[in-house]
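Chains, contacts and geometry: an overview
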Amino acid sequence: MPQDQADDGAELLCPSAPADAAGAVLIGVVAGTPGAPRVTPTAHAMPVTLEITELARPASSGEVFRVAAPCRTSGCAHFKKSACQIASRSAVLLDEVVDELPRCPIRAQCRWFHQEGPSLCRRCPQIVTEQHRPSSEMLRIVNETDPPPGPSAGGDRGPSQ
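The structure reproduced in this document is the subject of the present report. (Residues numbered from 1 in each chain as written. Predicted model: local features only at pLDDT ≥ 70, side-chain atom pairs only at ≥ 80, totals over all residues. Heavy atoms only, no water.)

1. What about the overall build of the chain?
Within the chain, the secondary structure is distributed over 6 helices and 6 strands. The order of α-helices and β-strands along the chain, N terminus first, is β-β-β-α-α-β-β-β-α-α-α-α. Taking all 161 residues of the chain together, 40% fall into the buried category. A fraction of 73% describes how many contacts in the chain between residues 6 or more apart in sequence connect residues 24 or more apart. Only carbon and sulfur atoms are counted for the fraction: they give 54% of the accessible area of the chain, which is about 8700 Å². (Helix = DSSP H or I, 4+ residues; strand = E, 2+ residues; numbered from the N terminus. Buried < 20%, exposed > 50% of the residue type's maximum accessible area, 1.4 Å probe, protein only. Contact = heavy atoms within 4.5 Å. Areas by Shrake-Rupley, 256 points an atom, 1.4 Å probe, with all protein chains shown as cover.)

Okay, structure coming up:
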């Protein structure tokens, strides 16, 4: 399967894209606390509109919403060595925060799921696209330049949920 397609041939989606990305869809709302944010998935993906982004004000859309958009692969600073490094590092550096796979409106097309499998889905609710006070782990996930050591790249793949 090519790196930019899901099993059904659909384009893979980045589950942490900016709201102004082409083809952006809303997939979750951030809840929890600043120190322990949790993304609550929407029942289905819905196109991001100006009305939706206005609901986030005075915060930014990335602080309030989880948005997906077509994965830019090599056009993204986080895509190296044929993989999303945000997903790779999250799978290694973050603890799981849920026991069961959370509902996900894009799992069949999710870059992170196709790359890391259900293990990353159990870490995903704590990943917020924009944070004012990110944890040290989140800073390592975003700022490191080398792929992480250890198991990754699909170590816990399972069937699409």
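2. A look at the nonpolar core
Core analysis: the biggest nonpolar cluster contains 22 residues, and A68, C84, I106, W112 and I141 have the highest contact counts within it. Those elements giving two or more residues to this core turn out to be β2 (25–32), α3 (85–93), α4 (111–116), α5 (118–121) and α6 (136–143). Of all the elements, α3 adds the most residues to this core, at 4 residues. The residues contacting W112, other than those within four sequence positions of it, are P15, S16, R66, C84, I86, A87, G117, L120, C124 and I127. One finds A19, A24, A56 and F65 within the second-largest nonpolar core, a separate group that totals 9 residues. (Core = buried A, V, L, I, M, F, W, Y, C linked by side-chain atoms within 4.5 Å.)

3. Notes on the pairing of strand β4 (residues 65–70)
Across the 6 residues that make up β4, a large majority, 5, are buried. Of the pairings in the sheet, the one linking strand β1 (residues 13–14) to β4 comprises 2 bridges and is antiparallel in character. Pairing of L13 across the sheet is with P70, part of β4. (Pairing = 2+ DSSP bridges.)

4. Quick look at unusual backbone geometry
A cis amide bond, omega 10°, links R57 with the succeeding residue P58. With respect to the helices and strands, P58 occurs in the loop between α1 (50–55) and α2 (61–64). Unlike most non-glycine residues, K81 shows phi in positive territory, near 55°.

5. Some remarks on the sheet that holds β1
If you trace the 4 strands from one edge of the open sheet to the other, you get β1-β4-β2-β3, paired in antiparallel fashion. A strand with exactly one partner marks an edge of an open sheet, and here the two such strands are β1 and β3 (37–47). Of the strand pairs in this sheet, β2 and β3 are connected by 7 bridges, and their pairing is antiparallel. Residue G28 lies in a different strand from β3, and its bridge partner there is P41.

On their own, these measurements won't tell you what the molecule is for.
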